[in-house]
Each structure stands twice: as structure tokens, then as C-alpha cells.
Amino acid sequence: MSHDPSPPHFTYPWQPPLPVPEPAHRQPAHHAPLGHHSDLRLLRTAYRWQRRVATLTALGYFVLFLVLSAFAPSLMTSRVSTGLPLGLLLALVQLPVTWLAIALYETTARRRVDPLADRIRKQSELDARRESRGTRRKETGR
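Residues numbered from 1 in each chain as written. Predicted model: local features only at pLDDT ≥ 70, side-chain atom pairs only at ≥ 80, totals over all residues. Heavy atoms only, no water.

### Quick notes on the overall build of the chain
- Along the chain, the regular secondary structure elements total three helices and two strands.
- Each helix (α) and strand (β) of the chain, taken in turn from the N terminus, gives the series α-α-β-β-α.
- The buried share of the chain, taken over its 142 residues, is 18%.
- If you take every contact in the chain between residues at least 6 apart in sequence, the share linking residues at least 24 apart comes to 65%.
- Accessible surface for the chain amounts to roughly 12,100 Å². Of this, 63% is attributable to carbon and sulfur atoms. (Helix = DSSP H or I, 4+ residues; strand = E, 2+ residues; numbered from the N terminus. Buried < 20%, exposed > 50% of the residue type's maximum accessible area, 1.4 Å probe, protein only. Contact = heavy atoms within 4.5 Å. Areas by Shrake-Rupley, 256 points an atom, 1.4 Å probe, with all protein chains shown as cover.)

What follows is the structure in C-alpha cells.
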């Protein structure tokens, strides 16, 4: 048994035909709704990139330190200078690398994420103003 999407055919001639619905008259939108805006995709992409760069910077260095500690102990115990083993030097460098990750996070936020967020915020404010003007005009009958 199949479903027939076509309208039923009337078998009685005295039944009137189905009324044809009138198309709804809507004002065409001048811009895409905010939920489908391409700027939101750009913002998500920029924010994702920002998180990945900062995370991989800090965690990548730490994982490198752990791998060298586990698989190259002779390298980590070798002396860089008098009394300073390479392992200790790499452990001390972890703090500046973390600061570098924070600086990268802030820099990418200022350059890529914040301008996109500001643009989307301004666009949504304009959309809200246009929407409120449109509803006021409909209420007053203009």
C-alpha cells in the first residue's frame, strides 16, 4: 500500500472544488536571519582555531617533556652547564611556554575573534531595532 500525495478527486459533480489558498504576502528580508548568518560560522571557526593554538602550545610542550623523560632519560640527565641537567632546564622553560600560550590566546582573540563578535553584536542590535520598528508600525496601522 502506497501513499498518494496528490489531492483526492471528487466523484460527485455537485461538490465545489477546493479553494486555492492565497500566497502569504510577506516583506522580503533584506538580510539573512542572525541564526543562519555566515559571520557566526566565521566566529566559531576563529574561536576554535584560537583554542587549538593555545592548547596545543602548552600541552604540546608538556607532552614533549614527558616523552623525553620517559624515552630519553640519558638526554634528560645530560648536563647543559655545570650542575644544570637538560631535564631541569626543560621543566623550567614550561612556565614561559605557558605564558606564551596565554599571550597567543589573547592575541588571536584581539585580532580574529573580538572583531567578529563586535560585528555580530552590532548587526544583532540593528536587527532588533528594525524588528521593533516593524512591530510598532504594524501596531499603529501604518
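### Considering the pattern of salt bridges
- Here the structure, examined in full by the defined rule, presents three salt bridges.
- Between Arg110 and Glu106 there is a salt bridge; the shortest N-O distance is 3.8 Å. On the criterion of helical spacing, the pair formed by Arg110 and Glu106 is a turn pair, its members being four residues apart in helix H3 (residues 86-140).
- Classification of Arg110 by relative accessible area gives exposed; the value is 56%.
- Of the residues examined, Glu106 reaches a relative accessible area of 40% and is grouped as partly exposed.
- The salt bridge partner of Arg130 is Asp127, with a shortest N-O separation of 3.8 Å. Taken as a pair, Arg130 and Asp127 lie in helix H3 at a separation of three residues, close to a single helical turn. (Salt bridge = Lys/Arg side-chain N within 4 Å of Asp/Glu carboxyl O.)

### Re helix H1 (residues 38-71)
- Taking 1.5 Å per residue as the helical rise, H1 with its 34 residues ought to reach 50 Å, and the 47 Å between its terminal C-alpha atoms agrees with that figure.
- Among the residues of H1, those classed as buried are Asp39, Leu43, Ala46, Gln50, Ala54, Ala58, Tyr61 and Phe65. (Expected span 1.5 Å × (residues − 1).)

### Re a nonpolar patch on the surface
- Residues Val63, Val67 and Phe71 make up a contiguous nonpolar surface patch of roughly 320 Å² in combined accessible area.
- The class for Phe71 is exposed, based on a relative accessible area of 70%. (Patch = residues over 30% accessible without salt bridge, like charges linked within 9 Å, V, L, I, M, F, W, Y side chains within 5 Å.)

### So, the side chain of Gln50
- Take Gln50: it is sitting in helix H1.
- For Gln50, the side chain forms a polar contact with the main-chain oxygen of Tyr105, separated by 2.8 Å.
- Non-local contacts of Gln50, meaning those with residues more than four positions away in its chain, are made with Tyr105, Thr108, Ala109 and Val113. (Polar contact = N/O pair within 3.5 Å; in protein donor to acceptor, adjacent residues only side chain to side chain.)

### Focus on the side chain of Thr108
- Note that Thr108 resides in helix H3.
- On the accessibility criterion, Thr108 (11% relative accessible area) is buried.
- From its side chain, Thr108 meets the backbone oxygen of Tyr105 in a polar contact 3.1 Å long.

### Regarding a positive patch on the surface
- Where like charges cluster on the molecular surface, the positive patch consists of Arg41, Arg44, Arg48, Arg51 and Arg52.
- Assignment of secondary structure puts Arg52 in helix H1. (Lys, Arg positive; Asp, Glu negative; His and termini not counted. Charge placed at Lys NZ, Arg CZ, Asp CG, Glu CD.)

### Quick notes on the UniProt feature "transmembrane region" (unreviewed entry) in the chain
- Feature annotation in UniProt assigns "transmembrane region" (unreviewed entry) to the following positions: residues 53-72 and 84-105.
- With 95% helix and 0% strand, residues 53-72 has end C-alpha atoms that lie 27 Å from one another. (UniProt positions renumbered as here; feature names shortened; annotations may be inferred.)

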